[in-house]
Every structure is written in structure tokens, then in C-alpha cells.
2 protein chains.
Amino acid sequence: MRRTPSRLSDGREIIYFDRDGAPPRTAVDERGLDEGAAIGEVRYDVMTGEWIAIAGHRQTRTHLPAASECPLCPTVDGRLSEIPESSYDVVVFENRFPSLRAPEGEWELPEPGLDAVAPAAGRCEVVCFSADHDGSFTKLTPAQARLVIDAWTDRTAALSALPYVRQVFPFENRGVEIGVTLHHPHGQIYGYSYLPPRIVRLIEQDRSHRARGRRGLIADVIAREAADGRRLVFRSQHWIAFVPFAARWPFEVQLHPLRAGVHDFTELTDAERDELATVYPRLLRAFDALLGVTMPYVAGWFQAPCNGPADERDAVTLHLQLQSNRRAPNKLKYPAGSEMSMWAYISDVPPEQSAQLLREAWERA
Amino acid sequence: MRRTPSRLSDGREIIYFDRDGAPPRTAVDERGLDEGAAIGEVRYDVMTGEWIAIAGHRQTRTHLPAASECPLCPTVDGRLSEIPESSYDVVVFENRFPSLRAPEGEWELPEPGLDAVAPAAGRCEVVCFSADHDGSFTKLTPAQARLVIDAWTDRTAALSALPYVRQVFPFENRGVEIGVTLHHPHGQIYGYSYLPPRIVRLIEQDRSHRARGRRGLIADVIAREAADGRRLVFRSQHWIAFVPFAARWPFEVQLHPLRAGVHDFTELTDAERDELATVYPRLLRAFDALLGVTMPYVAGWFQAPCNGPADERDAVTLHLQLQSNRRAPNKLKYPAGSEMSMWAYISDVPPEQSAQLLREAWERA
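These figures come from a predicted structure and were not determined experimentally.

A. Summary view of the pairing of strand 5 (residues 90–94) of chain A. Residue and element names in this part refer to chain A. Across the 5 residues that make up strand 5, a large majority, 5, are buried. Of the two faces of strand 5, the one carrying Val90, Val92 and Glu94 and the one carrying Val91 and Phe93 are both buried. Pairing analysis gives 4 bridges linking strand 2 (residues 13–18) to strand 5, with the strands arranged antiparallel. Counterpart to Ile15 in the pairing with strand 5 is Val92. Sheet topology places strand 5 next to strand 7 (residues 122–128); 4 bridges connect them, and they run antiparallel. Paired with Phe93 across the two strands is Val126, which belongs to strand 7.

Have a look at this one:
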């Protein structure tokens, strides 16, 4: 893997991740962009104890552009895009319309309270998986997928080193049914300056689990699913995938390394990364094979928090959560009254049933 | 108000709420329905500490029927619907496809744990706001809206008396953009046998607020919004509406009684109910006036939990949370990667800006 860092014309970082032997990445961004957007706010919601980011400057961001206007395609035939090069393997750059960005000077999350507010510190990056506009993560070769994994690893290390970042979250949204505004195959990485609510919950649950004399919660969940088998999707040499016992969504999978104690991408071995480059695209293909239609999904990577206490970090080990809001070929699951107001999820599909469908789809994928 | 209880042919309860002088409600359900669906499960999600309902028997429920097949219209011209009468003002009946239902015999929520599972006890009711298939809560006269409020009050008392119900939640989902499967103007009431996650959070936040020597959290939130004014939508004699300081959705309003300590609908005074019957439909009309398009929304009523400890009950006072997933006339807000995976909300609209738009819309509504 060859890593080439550069800058866009407004100062944003861009980093190419290429196979050895790819052409050198030396092109210059000729757009002469003005400096980026203002920083938003994070506000404390005192009725739930959660931080909410308010990014009022993002309403004008690019929304479903025509393929000929795609900002994630390489720059060809004089059409200047976000990527100055005329080709690339994998490329990462800072989002032009970031919800979270580098704060000015010293920064600290305020104490929770009725009026707690702060600049929305953090970092938002875009990860282009392929230069092919009509590509998809499902179509990546193991070598290409491995480059994406290397990019996630590199960015996890880099963002964890920012003192105002507490959580590095690589994810992909796919499908207009889930709100995707750019079709080019890409994901994002958020570096949050606060612990996201679901990470807070996981840390609390791990603490109370250990307080009852048990080892780490996630390790016990994996052991239970491996032993039970009814919700298993696959088990390979280094990875295990299953439908959660209490899944919220009709089709939902967790993918974990079998080795215990892997906090984040940086702690994976080469062998684990190589295998992931094979099993992860195949899992996504199995998702598409489920109902005979391309599945909208959110694929989110949970990692241990950074720049915090050690017990927080030990509560979370690296895993993927893959969730789709499709419940049948022509029906979506909407988070309405019970979910949107009360956060009480009602699922229509028993996890054992969706796991059976996923096992069959995995064999075909 | 006149209350007429009856039974449908499969034994489900149905209750008519009519203006005095309406025709007697004596019609019999002639469909000869089989007894209802099996009970689902609630499972404990050990990685978040939340209960998830799994209702595998609901996938075949009625989905966007033609108007001539509407199950919520009265029974006319021999077309047998869920409502045997040929007309009604407001009617409530048990859902034919319930996510939660009465358990057999003694029932108790199990201790949380890796394998915690129980029958999905509870109750799901449907509330028809009007016999007019093309009606809407926004079009109800104050007298009609008052009947709905009386029905909510009656059902809150009745469901709170069920020993397995911990939370009574009246709500309305409106709009196909938010997943509504029946167009006839109606809402639902869920009686949960467990505390929904958002109520758990609110109780925790109230406890830590009082532990710092303050009075109830919600009372302090209302006092802050009344004093600040920037997020206020309206203030009437008995009610106050504002956009939350840390709103998650582009358009989101809370509506509270001004009198402190109202736990649920049963504790409102007649004067408070009468005024609500005027200001609530007007607030919904203001929502529709915002962007010049009918707004999809979830309108959910928070009430104090029942059948639990007193400090839980005192943490929650009656209020409405009105949320829309529309962010512009032609754009929806999707809960994707950050929200769906990490539960970290990013809003594009500053609350002060949406409150300004809502104040203007309120004047026109």
C-alpha cells in the first residue's frame, strides 16, 4: 500500500491509498475554493443526557447530483471534482460540508446542564471506495477492499491522535431509501468530540456486566452466539457474524473478530485484515441476495473510544453493525411513533428467521 | 360526552366516544372473526440495556388499502369494517395486529441478562379521530378534538389500571413519508409492559437534576424556555409550546401544560382540556403551513409511568413531542449512519430559526 497525502485548494487534507505500482498522485486542485464553512454547535439535551450537533450551514450541501456532476469521480476531461487526480484506487478527504470540524484553539466539552453548548468540534472525512461511479463495496476485489481497510486503519490512528476526538466512526450509508445523497460508492468517517449515546450505553452495560463478576460483555455475547448457533450467519477463521438476539431492524448483522480484545482497526493483524477483505464484501453481497433487491443499509464500525479512561476503552471492541430498513422487497421499516418518540423498537422479523435467510444468502453470495 | 363500550366478533374491546345526542351505538360486528394473533416476545438487548419487542405475526397486516377497503371507516352499504356502526364521532378499539397484548395468567418482566425474554405483554389500541376518511386532526372542530382528548383520558385511566402496563403512550403517525399504512385519520395508544428507553433516560436525568438540589427537570426546562423566548412558538392561558434547545429533527415542538405536576391526561382540568382542543389542532395546522406542504409527523404524548415507584412517576409530566422528518419542501431528513448506528443526531436547522418559522406559521394557522 502506498499513501500519498496532499491538500485541496481550500486547505482540506486529501490522502490517496494506492496499490504498489499505481501512478504517482501529484495533481493539483485547480478550483481555487474559498475557505470552508463555519463551525456548528453541540448542545446538551438535558431531557435525555445526549449531545446533539446543530449544523445550520449544511442545508445547501450537494443533493443527488447527475452522474456527470459527481464530486467523487476523478477529475477527467477538465471537469474539476473533489479529487484532482484522473484516477485513484481509494481516496480519503475532509468533507466540504462537515457537521464537525477542528475547533479554534483550546477546546473542552462543557459540563452537562440546561444551557450547555460548545463549538461542534470533531472531524468529518469522506472515503471513496473506488473511482468507478457505478461501483459498489459488494463488487470490490479483496485487494481493493484491503485498501479500504488500510485507509480505515490509517484514519483511525490519525483521528485518535487529535486531542478533541473521543470516538472514530467509519461508516457507509447506501441507498436512497436511507437518505444517501451521492451515488458514487463511498463511506464516511466521523471523529466525534463526545461519546455517541450508543457508545455510552455499551460502556454502562459493560460496567454492570463486569460488576457481576463476568468478563467483558462483548466477549460473552460472542461466546453465547457461537455456542447457540441459531442466529449465526457465518464463522470463518478470524471472524464471526450473527444476527443480534434482540435485533431492532428486520435485517441486522454484527460482525466481530474472533480474537478478544481488539479495540479498533489499528490492532488487527494482517491475517485478520486479509480475511476481512474477503468476508465483508461477501456479507454485503449476501444482504443483496436476501430479497432479490439491492438493500439500503447503514454499515457502522464500532471502535473503542479514544482520549478517555482505560475502562471505557476496554468496554468496546471493534465490530461492524450492519442494519437495513427494508423489511420486504416492496416495504420499508419506518422508525415511527414507538421508535421515534419513545425509542422503543418493535421488530416484525424474528432474529432466528432472518439469520436462516442470511445463512442461505451467504452460501449463494 | 357519552361512552359506549362493546365487543368485536373476536372478543376485542371497542368503545365509542360520542357527543351527547348522537345516535345510540348498538350495531353488532357480523364478520365472525377468528380469535386474534399469538403474543410476541420482548427481548433484552444486553449491549444497550433496552427491551425490544419482536412481533413476527404482524408482517401480513393491512398495508395502504384502497379507500373503499378502509378498515377504519364506518360500516356502510354492507361493507363490514372494524367499526360495526354506520357512523361515529370518535372510536377506540383494540388493534387486530397488536405488537403487545394481554399476557396469559401472572406476568412479570424478567431480570435483565444475556438471555432475558418474556411474552410481549401490553396493549395496543387504535383511536379513530373522525368517521371522515379524508379528514385530519388539523380539521377537527374544538368539540371533536375535545372528544379525542376525552378518549385519551379514558384510555390512560383504563390502561394504567392493567397491572402489566408501565407506560401509556397515545400517539399519531401521519404521512406515508413516516411509514403510515392507513390513511384514515387515526392514532394509536400503546400500553408498554416495560419503560421505553426515552422514559428511562428522562427519569435518570430528572434524578440527577434533583440530586443537585433543583426542582423537577421538566419544570425547569419550561421556565427556561418561557424566560428565554427565542424558541417559543406560543403561550396561551394554560399551555406553552417551544422548540427544544437541542432539537434532533428539523421541525420539532414540545407542548406542555403551564401548571406544574400534571402527570397524565387524567389530571388535566376541564379548562385545560378545552383549551388544548383549540391549540393542539392549530399547532398541527401551523406545522402544515410551515413549508406549504402537508407535513409528515409523529405526535407522541409523554405521560408519567404507572405501576412503579413514586419518584419515577414524579419525573415525567404530561407533554407532547411533535417531530417531523421533513427538512425542506422536497427533502426528508433520514436517520442514517450517525443516528441509526451511533444514535448521535446531527440537525441541519438551528432551533431558533425553526421557532421563528413556527411562530409565523402559528399566526397564520
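So, next bit.
B. Representation of the packing of aromatic side chains in the model. Per the counting criterion, the structure on display carries 33 aromatic pairs over all chains. Geometrically, the ring pair formed by Phe137 of chain B and Tyr280 of chain B is edge-to-face, given 4.9 Å between the ring centres and 70° between the ring planes. Residue Phe137 of chain B is found in the loop between strand 7 (122–128) and helix 1 (142–160), and its partner Tyr280 of chain B is found in helix 4 (residues 270–290); the two are separated by 143 residues along the sequence. Through pairs of rings, three or more aromatic residues link up here, namely Phe129, Phe137, Trp152, Phe265, Tyr280 and Trp301 of chain A. Geometry around Phe245 of chain B places Arg43 of chain A over its ring, the cationic atom sitting 4.8 Å from the centre. Over the aromatic face of Tyr345 of chain B sits the side chain of Arg248 of chain B, whose NZ or CZ is 5.6 Å from the ring centroid.

C. Representation of helix 2 (residues 197–211) of chain A in the model. Residue and element names in this part refer to chain A. For helix 2, with 15 residues, the first-to-last C-alpha span of 21 Å sits near the 21 Å given by 1.5 Å per residue. Listed in full, the buried residues belonging to helix 2 are Pro197, Arg198, Ile199, Arg201, Leu202, Ile203, Gln205, Asp206 and His209. Where helix 2 ends, the next residue or the one after it, Gly213, has phi of about 85°, a positive value.

D. Examining the sheet that holds strand 6 (residues 117–119) of chain A more closely. Reading across the sheet, the 4 strands line up as 6(A)-3(A)-4(A)-17(B) and stay open at both edges, with mixed pairing between neighbours. A strand with exactly one partner marks an edge of an open sheet, and here the two such strands are strand 6 of chain A together with strand 17 (346–347) of chain B. Relative to strand 6 of chain A, strand 3 (residues 41–45) of chain A is paired through 3 bridges, and the arrangement is antiparallel. Bridged to Val42 of chain A within strand 6 of chain A is Ala118 of chain A.

E. How the structure looks around the interface of chain B and chain A. With 80 residues of chain B in contact, the opposing surface of chain A contributes 80 residues. A combined buried area of about 7,200 Å² lies between chain B and chain A, and 59% of that area is made up of carbon and sulfur atoms. For the chain B face of the interface with chain A, the top three residues by lost area are Met47, Met340 and Met342 of chain B, together amounting to 12%. Connecting chain B to chain A are 8 salt bridges. Measuring nitrogen to oxygen at the nearest pair gives 2.7 Å for the salt bridge that ties Asp45 of chain A to Arg248 of chain B. Our count for the contact surface shared by chain B and chain A stands at 30 residue pairs in polar contact (both at pLDDT 80 or more). Among the residues forming the side of chain B that touches chain A, the class breakdown is 42 nonpolar, 20 polar and 18 charged. Bridge count for strand 17 (residues 346–347) of chain A against strand 4 (residues 50–54) of chain B is 2 bridges, and the pairing is parallel. Looking across to strand 4 of chain B, one finds that Ser347 of chain A is bridged to Ile54 of chain B.

F. Highlighting the relation of the copies chain B and chain A. Each copy superposes on the other: chain B lies on chain A with an RMSD of 0.0 Å after a rotation of 180° and an axial shift of 0.0 Å. Such a turn and shift between the copies fits a two-fold axis. Within chain B, Pro335 of chain B has its C-alpha nearest the rotation axis, a separation of 4.5 Å.

About the thresholds
- Residues numbered from 1 in each chain as written.
- Chains lettered and ligands numbered in written order.
- Predicted model: local features only at pLDDT ≥ 70, side-chain atom pairs only at ≥ 80, totals over all residues.
- Heavy atoms only, no water.
- Buried < 20%, exposed > 50% of the residue type's maximum accessible area, 1.4 Å probe, protein only.
- Helix = DSSP H or I, 4+ residues; strand = E, 2+ residues; numbered from the N terminus.
- Pairing = 2+ DSSP bridges.
- Phe/Tyr/Trp six-rings, centres within 6.5 Å; stacked < 30°, edge-to-face > 60°.
- Lys NZ or Arg CZ within 6 Å of the ring centre and 35° of its normal.
- Expected span 1.5 Å × (residues − 1).
- Contact = heavy atoms within 4.5 Å.
- Buried area = accessible area lost by both parts, 1.4 Å probe.
- Salt bridge = Lys/Arg side-chain N within 4 Å of Asp/Glu carboxyl O.
- Polar contact = N/O pair within 3.5 Å; in protein donor to acceptor, adjacent residues only side chain to side chain.
- Nonpolar A, V, L, I, M, F, W, Y, C, P; charged D, E, K, R; others polar.
- Least-squares fit on C-alpha atoms with pLDDT ≥ 70 in both.

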